[in-house]
Amino acid sequence: RSFGTGFMISPRLALTNNHVLADAQSARFSRLEFNFQNGVSGLPLAASQFDLEPDTFFRTDSGLDVTVVAVAAASRPDGAGVSVPLAGFGFNRTSKEQGKILLGESINIIQHPEGQEKQLALQQNELLDRFDQFLHYHTDTSPGSSGSPLFNNQWEVLGLHHSGVPARNEAGEILTVDGTVWDRTQDELKIRWIANEGVRISSILTWLEKGAEGMNEGERALLGEALNPPPPALPQVPAAEQRAEVRTQPAAQQPATVEGGAVSLTIP
């Protein structure tokens, strides 16, 4: 068994890394789990497990390290035989728009490091560099964080976390924390990591668009919900709860001009 992180980019499609779900066969034997986290009381919430449906939709790319897969519309029944609808968990709206973050600004990441409960990394997460398809940044991650969503401070999706960036010598060899050359007989924890790397969401959406021509009608419909999500619904207030609020207050006073071009305002 192994673990990764993923997130919904439409009502039915989940996004993670290719090295988390490399092919449709591995997706068939994997599950997506929601609410694997502690609540405000500090106690675990009731988690819901959903099967993946790669026969409905599955696209992967090892170069970008990206996989998109369909998720079942309802969860596996719990101990009481009750299923939960996938629609209740919502999804993250994505956009190909550039410029959602500047160098030096913070990147926020929601993750399941080491397959643990959901954790948020919100501090000292600086964007270091930006390339055509990838972002480099500082943040606190571990194995299992692969597939995590990257957000800016406005909680817009920036990209998909997929790996660390190791320090290398002039020969291109990976270095350990003590400056020696690392090899695969050593634990990855001995590597001197200098940054993390994520795949830009704009590159992922462009890749998905290019692959739409080879899809059937059902796949294109599912993809369309990710590429062109409907606007968020405004909360509707039931008619029985609507009321008019009437307040009496002093008439607004005009600001009084004082010397020096300033104004004096009286605020009730």
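Only a predicted model underlies this, so the values are computations on that prediction, with no experimental measurement involved.

Scoring rules and cut-offs
- Residues numbered from 1 in each chain as written.
- Predicted model: local features only at pLDDT ≥ 70, side-chain atom pairs only at ≥ 80, totals over all residues.
- Heavy atoms only, no water.
- Helix = DSSP H or I, 4+ residues; strand = E, 2+ residues; numbered from the N terminus.
- Buried < 20%, exposed > 50% of the residue type's maximum accessible area, 1.4 Å probe, protein only.
- Pairing = 2+ DSSP bridges.
- Contact = heavy atoms within 4.5 Å.
- Axes fitted to C-alpha atoms, helices over the stretch in contact; angles between N-to-C directions.
- Core = buried A, V, L, I, M, F, W, Y, C linked by side-chain atoms within 4.5 Å.
- Salt bridge = Lys/Arg side-chain N within 4 Å of Asp/Glu carboxyl O.

## So, unusual backbone geometry
The backbone of N35 sits at a positive phi, close to 65°, despite the residue not being glycine. In this structure, N35 sits in the loop between β3 (31-34) and β4 (48-51). Non-glycine residue W155 carries a positive phi angle of around 60°. Among the structural elements, W155 can be located in the loop between β11 (149-151) and β12 (157-166). With a relative accessible area of 41%, W155 lands in the partly exposed category.

## Details of the sheet that holds strand β1 (residues 7-8)
Strands sit in the order β1-β2-β6-β5 across an open sheet of 4 strands; the sheet is antiparallel. Both edges of this open sheet fall to β1 and β5 (58-61), since each of them pairs with a single strand only. In this structure, β1 lies alongside strand β2 (residues 13-16), joined through 2 bridges in antiparallel fashion. Bridged to M8 within β2 is A14. Relative to the sheet, helix α2 (residues 201-210) contacts β2, β5 and β6 (66-70), its axis offset from that of β6 by approximately 60°.

## Some words on the nonpolar core
Ranked by size, the top nonpolar core spans 24 residues in total, and within it L15, V66, V68 and I204 carry the most contacts. Of all the elements in the fold, those that place two or more residues in this core are β2, β6, β12, α2 and α3 (217-227). Top contributing element to this core by residue count: α2, with 5 residues. Excluding its chain neighbours within four sequence positions, the residues that come into contact with I204 are L15, V66, L160 and V199. In this structure, M8, A14, L32 and F58 belong to the second largest nonpolar core, which totals 12 residues.

## Details of the pattern of salt bridges
With the rule as written, the count across this model stands at 5 salt bridges. For E53, the salt bridge identified is with R12, shortest N-O distance 2.8 Å. In this pair, E53 sits in the loop between β4 and β5 while R12 sits in the loop between β1 and β2, placing the two residues 41 residues apart along the sequence. Classification of E53 as partly exposed rests on a relative accessible area of 27%. A salt bridge links R59 to E219; the nearest nitrogen and oxygen atoms lie 3.3 Å apart. A residue pair is termed long-range when its members are at least 10 positions apart, and R59 in strand β5 and E219 in helix α3 qualify at 160 residues. Residue classification places R59 among the partly exposed positions, given a relative accessible area of 22%.

## Points about the pairing of β2
Regular strands have side chains that alternate between both faces of the sheet. On β2, burial covers both faces: L13 and L15 on one face and A14 and T16 on the other are all buried. Connecting β1 to the antiparallel partner β2 that follows it, the hairpin turn spans 4 residues. Bridging between β2 and β6 involves 4 bridges; their strand directions are antiparallel. Opposite L13, over in β6, you have A70 as the bridge partner.

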